[in-house]
Amino acid sequence: MNTIDLQNTLLEELEYVNAPGFRSSVSWPNGRPIDGITSVYFIQDVPVAYFSQLEEFDATQLLELYRSVWSQGKVPLLYVVLPQEIRVYNSYAEPPDPENGDELDKGDRLLQHLQQLVDIETTRQAIYNKLSDYRRLYLDTGAFWNTPDGQRVKKEHRADQRLLKAMDQVRRKLLNEHLSPDVAYALLGRLIFIRYLEDRGILNKDNWVSQVTHGRVSDYFVALENKSTIYLLFDYLSQRFNGDIFPVEETERQQVTERHLRFLSDFLKGHDLEAGQQSFWPYDFTHIPIELISGIYDTFLSEETRQEAGAYYTPLSLVDFIVEETLPLEKARLSMTVLDPACGSGVFLVRAYQRLIEAWRLQHFDASPSTSQLSTILKECIFGIDIQLNAIRIATFSLCLAMLDYIKNEDIQEGFRFPNLKDTNLIYANFFSVEVDQIFSGKVFDRIIGNPPWGRGTLKGIALEWIERHNYPIGEKQIVQAFLWRVPTFCKIDGEIALLAPAKSTILVTANSHEQFRQDFFNRYRVRAIVNFSSLVYELFPDALSPVVVIFFRPEPADLQKKVVYAIPKPSSISQHIGTIVLDANEVKFLKMEELLLNPQLWKIASWGTPQDFALIKRLATFPPLQNLEKTGQLREDISQGFTVGNKKDKALWLQGMPCVDTNKFTPYVVEAHGIVEESHFERHRKQGIYSGPLTLIRRSACEAAFFNEKNITYHDKITGIAGQSEQEYLLKWLTLYINSSLARYYHFLTSTSWAVERGTIIHDEYKKMPFLVLEKDDPRLQQALYYFDQISSTYHQQDALLSGSKAQVIQQLKNDIDEFVFDIYDLAPSERQLVRDLLEYEVQFFEWSKHKRRSIDDPKAKPVLPPNTPMLTQYAKTFIETATSMLSHRAQTLNATVYQNGAPLTVIEFELVSLAEAKDVHYIAESRALHSLLRKLDLLLLERRTPTLYTRRHVRIYDGSRFYLIHPSERRLWTRSSASTDAATFLTEILVQSRKLITGASH
């Protein structure tokens, strides 16, 4: 029997050895690694796997290790190597009670257990059989999270999620017992602070309580049973560290009762205060990330306060993205100053402070800054303003904890004090007040970052007066626009501003007032980049589905000829499961601001489409809009929405009792009444004429229309009605046919400010502006349109004549025929028709699938992310070759293609430049080892060229002599014929840029 190095064998077989993300020593910036962790694997600077090697099995030691990793809440996978066995734990799952340590291997905690590993062959075979899905390729690409084991790792079970839930429970209990939010916040903050000090060993659990209470009690929990005793501890803390952190005020002493203290004690013991279940305190604040504390602020904002203030908790992944983008380590300088104009809980400031400390360590050869140096960085560099006093207090607390996180216990002597931050660095004030001008008079900052409040109607008071005084355009009283106008006055000319803002009042706007803001703002300031997070709204802000963007800009004059980086990160398994934002190469566009201002629809088109889509949309926009029917008098009434019940100020007895369409039961082509109008008073009842036929009704949805030709029918405001003249039924039938077509859906998906952005619907005015080609009575094409209309509407009406399966097939065939007919009417070329089909079949379905909080590849809408099959990849390769050959044929050259795919997360097509005489059919290789070897070769090639790794980039073009490799994730939406045309156009552009020479090196 040979002695084997189990850990090294594991790392080799999973391909972590020599990978850029693998680190054989673990050292966090604060210098406190988790005991027992020997190495770690990172994906884009986010730790995803810990490795630990124990000399023997010790249940207590293993449970403590697991508890520490779980408390950190950062790393989903924990590998534990023991003599002759390997265990893989899901370290997001809550640890068991210490008294039941044997339960660590039960439930979802233990993902895999490899035993009896006595020799190298047995070990390698066991790893191959059980851990193939754990290889670096699967983790880097995110494919692991779609495997059965990956689905068991749920981030809602992480320590941070459990802690915030528990905080929210105790907060509601305290407030229900008539405790003010300020006092409740202070109490909770002190409890956490004490636990942190005890877990760190700064306060000795065995004697500090006894010393402070003069021997009255010796245990923290016992102290919580008596009000006067616990306040001895609170007073000591306030004096010992600094009065800025939770000063004890007289109003608090009067409000707090021992019933409140019992809730706090139950919270500390880990009890479920809603279910009444007792548990244990599983958290170890030695390892819980300090920035998590900022999440407390979110739990103290009621829904009413949130709506009034427009304030929402900013996810840490978004904070990290912004800080990394505007304050990267290689550019961070210790002299830099940072301001958050609406700092809230201080999470942006904490991250910026940590980054500046990292910069200090880098400049001082990884030394640890002293207490005074940490204090200096904090006092001289970090500044924040907020209109909420609670926010300032928790920001102070968060920053002090962040500072404490870097200080060794032995350096925290009796004379240690936190620096005073309140009223100097952290200002309790309205950002638009004269007070702020006076405090920061003559001071400008290197970076201004944050998440200002936003929401319709939030601009008022001092902020409104400031805007009116400076005459800045503002849409719908959006206070975030006011912040965007004011912050440049506090920024250095060569500094940068990075602020979160709603997409629908900055780039994807509909209101005229927003349009004016957009034009003026982008004409005034130099915008470097905009990242549109609309596609991730369901992941980042599950409780507030308003899409957001981050605007990176400088206070210098705009240069409209410069290109703006426009990034649109799409949902991915990585972003969903490890909480980091991943930007693939095909999600980053470079657009001219001048073109964006001239063609604002480009913001939306670039989010989901390509330059070819922009060209097609631009051509469709040359057709007259639907609302021209109003202007030319071809309609009986103006295009209008139905009635709104609302506050019932309008009296309309004539509507009462009329048949009514149920919006939720609306079907295309067929109008049916599902009840009657029961109300007699409405917010808006509209004109009587819009409720009588002939009508085309359009539901505010992803393009559904129906024709009605009877006496009258009523409908709600989520339906748009188009009332034609009695002799114009033909016009409305053609309109109904067109709106239900794929071309109309394609147009709206790429231009709507709501569909695929927020609610998935098309708003009334967007229907009015859609291009519509009127077919005149004498146009022979009209008869064909009416024939199709009669065929499909009659099929929809047939309830029992056809079996449901047969009826669906007939309808689908008619839809296909109608689509081709509409394509002919609008004169679409074959490539344009393919663009439409691919976008609807893959991008629209991908949006519908990705908006679910819990996505699964078993979902019927998951087709876009399923692996491409052989015919699809073959067709992709052929289309690519056809497009490329059109440019290469003058040189008597073409491409041969070899497709490598076997269900792995990445698919590779190898193209070889050959003469026309050497052209061959597409070759297909589905052998697993061949693909694996090729991926390894290409990955090493990129590593040699010092570029980001193949697996993490995922979308890569690699040139190697006469061969060109194209790599995409194995998702169907990325291997369509339209994608082939786009990729081939990029390939040809690169060839031309390099003067017709194939380049060596990886293309971005």
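Since we're looking at a predicted model, the values are computed, not measured.

(A) Spotlight on the overall build of the chain. Of the regular secondary structure elements, the chain holds 38 helices and 30 strands. What you see for the chain is a C-alpha radius of gyration of 32 Å, in line with the 30 Å of a compact globule of 1004 residues. Dimensions of the chain, computed from the C-alpha atoms along their principal axes, are close to 100 × 80 × 60 Å. The buried share among the 1004 residues of the chain stands at 58%. Pairs at least 24 apart in sequence give 71% of the contacts found in the chain among residues at least 6 apart. In the form shown here, the chain has an accessible surface area of approximately 41,200 Å², with 47% of it arising from carbon and sulfur atoms. Looking at charge distribution, the chain has the averaged site of its 111 positive side-chain charges lying 3 Å from that of its 127 negative ones.

(B) Region of the structure containing the environment of E848. Here E848 lies in helix α34 (residues 830-850). Setting aside chain neighbours within four positions, we find E848 in contact with W755 and K861. Polar contacts involving the side chain of E848 include one to the side chain of K851, which spans 3.1 Å.

(C) Quick peek at the nonpolar core. Formed by 248 residues in total, the largest nonpolar core has its most connected members in L404, W734 and Y826. Considering each element in turn, this core owes the most residues, twelve residues, to helix α7 (residues 181-200). Beyond its immediate stretch of four places on either side in the chain, L404 contacts F193, Y196, L197, R200, I202, I412, F416 and F418. One finds V48, Y79, I86 and L131 within the second-largest nonpolar core, a separate group that totals 52 residues.

(D) View of the pattern of salt bridges. For the structure shown, the criterion picks out 47 salt bridges. With a shortest N-O distance of 3.9 Å, E198 and R195 are connected by a salt bridge. Note that E198 and R195 are positioned in helix α7 at a spacing of three residues, about one turn of the helix. Assessed through its relative accessible area of 8%, E198 is described here as buried. Note that D446 and K492 form a salt bridge whose closest N and O atoms lie 3.2 Å from each other. You can see D446 sitting in strand β10 (residues 445-450) and its partner K492 sitting in strand β11 (residues 491-502), a full 46 residues away along the chain. When its relative accessible area of 27% is taken as the criterion, K492 is described as partly exposed.

(E) The sheet that holds strand β22 (residues 695-699), seen in detail. In space, the five strands of this open sheet follow the order β16-β24-β22-β23-β19, with mixed pairing throughout. Where the open sheet ends on each side, the last strands, each with one partner, are β16 (640-641) and β19 (669-670). With five bridges connecting them, β22 and strand β24 (residues 719-723) associate as antiparallel partners. In the sheet register, L697 faces β24, and the bridge partner there is G721. Running over the sheet, helix α29 (residues 729-739) touches β19, β22, β23 (704-708) and β24 and is turned about 160 degrees from β23.

(F) Seen up close, the packing of α7 against helix α12 (residues 258-268). Between α7 and α12, the least distance of the axes is 11 Å, while the angle of their chain directions is 40 degrees. Here α7 is positioned oblique relative to α12, judged by the angle of their axes. When you trace α7 past α12, the crossing you get is right-handed. Along the contact surface, α7 presents L187, L188, L191 and R195, while α12 presents L264, F267 and L268. For the contact of α7 with α12, the per-class residue count stands at six nonpolar, no polar and one charged.

(G) Broad picture of α34. An ideal rise of 1.5 Å per residue puts 30 Å on 21 residues; α34 measures up with 29 Å between its terminal C-alpha atoms. Along α34, the largest kink reaches about 35 degrees and is centred on L839. Burial of α34 is extensive: 16 of the 21 residues sit out of reach of the surface.

(H) Seen up close, the sheet that holds β11. As summarised here, the arrangement of the nine strands in space is β9-β8-β7-β10-β11-β13-β12-β14-β15, forming an open sheet in which the pairing is mixed. Pairing within the sheet leaves two strands with one partner each, and these edge strands are β9 (426-428) and β15 (588-592). Each neighbouring strand pair of the sheet contributes to a mean axis angle of 20 degrees, computed without reference to strand direction. Of the pairings in the sheet, the one linking strand β7 (residues 338-340) to strand β8 (residues 382-386) comprises three bridges and is parallel in character. By the bridge assignment, V338 is partnered in β8 with I382. Each of β12 (525-532) and β13 (548-557) touches helix α22 (residues 512-524); the most contacted strand, β12, lies at about 120 degrees to it.

(I) Representation of the pairing of strand β6 (residues 110-114). Along β6, five of the five residues are buried, which leaves the element largely enclosed by surrounding structure. Pairing between strand β5 (residues 85-90) and β6: four bridges, direction antiparallel. By the bridge assignment, R87 is partnered in β6 with H113.

(J) Looking closely at unusual backbone geometry. Cis geometry is adopted by the peptide bond preceding P694, which originates at G693 and carries an omega value of 0 degrees. Topologically, P694 is positioned in the loop between β21 (681-682) and β22. Its identity is not glycine, yet E15 carries a phi of approximately 70 degrees, on the positive side. Examined against the element boundaries, E15 turns out to sit in the loop between α1 (6-13) and β1 (22-23).

(K) Structural detail: the packing of aromatic side chains. For the coordinates displayed, the defined rule picks out 67 aromatic pairs. Ring centres of F193 and F397 lie 5.8 Å apart, and the angle between their planes is 90 degrees; on these two criteria the pair is classed as edge-to-face. Highlighted residues: F193 in helix α7 and F397 in helix α18 (residues 389-404), separated in sequence by 204 residues. Residue F193 is classed as buried on the basis of its relative accessible area, which comes to 3%.

(L) Structural view of the side chain of N90. Assignment of secondary structure puts N90 in strand β5. Within the local environment of N90, its side chain forms a polar contact with the backbone oxygen of D108, the two atoms lying 3.2 Å apart.

(M) Inspection of the packing of helix α21 (residues 479-486) against α22 at higher detail. With their axes 12 Å apart at the nearest point, α21 and α22 run at an angle of 20 degrees to one another. Here α21 lies roughly parallel to α22, going by the angle between them. The two elements α21 and α22 cross, and the hand of that crossing is left-handed. Between α21 and α22, the contacting residues are Q481, L484 and W485 on the first element and H514, F517, D520, F521 and R524 on the second. When its residues are assigned to classes, the contact of α21 with α22 shows four nonpolar, two polar and two charged.

(N) Geometry of the pairing of β22. The element β22 is largely enclosed, with a buried count of five among its five residues. The alternating pattern of β22 places L695, L697 and R699 and T696 and I698 on opposite faces, both of which are buried. As paired elements, β22 and β23 share five bridges and run antiparallel to each other. The residue of β23 that forms the bridge with L697 is A706.

(O) The environment of N869, seen in detail. With respect to the secondary-structure elements, N869 resides in the loop between α34 and α35 (870-888). The sequence separation of N869 and E971 amounts to 102 residues, and the corresponding C-alpha distance is 9.8 Å. Only 3.0 Å separates the side chain of N869 from the backbone nitrogen of M872, close enough to count as a polar contact.

Each value, and the rule that gives it
Residues numbered from 1 in each chain as written. Predicted model: local features only at pLDDT ≥ 70, side-chain atom pairs only at ≥ 80, totals over all residues. Heavy atoms only, no water. Helix = DSSP H or I, 4+ residues; strand = E, 2+ residues; numbered from the N terminus. Rg over C-alpha atoms; globule rule 2.2 N^0.38 Å. Buried < 20%, exposed > 50% of the residue type's maximum accessible area, 1.4 Å probe, protein only. Contact = heavy atoms within 4.5 Å. Areas by Shrake-Rupley, 256 points an atom, 1.4 Å probe, with all protein chains shown as cover. Lys, Arg positive; Asp, Glu negative; His and termini not counted. Charge placed at Lys NZ, Arg CZ, Asp CG, Glu CD. Polar contact = N/O pair within 3.5 Å; in protein donor to acceptor, adjacent residues only side chain to side chain. Core = buried A, V, L, I, M, F, W, Y, C linked by side-chain atoms within 4.5 Å. Salt bridge = Lys/Arg side-chain N within 4 Å of Asp/Glu carboxyl O. Pairing = 2+ DSSP bridges. Axes fitted to C-alpha atoms, helices over the stretch in contact; angles between N-to-C directions. Parallel < 35°, antiparallel > 145°, perpendicular 65-115°, else oblique. Left-handed = near helix turned anticlockwise from the far one by under 90°. Nonpolar A, V, L, I, M, F, W, Y, C, P; charged D, E, K, R; others polar. Expected span 1.5 Å × (residues − 1). Bend = angle between axes of the 7 residues up to and from the residue. Phe/Tyr/Trp six-rings, centres within 6.5 Å; stacked < 30°, edge-to-face > 60°.

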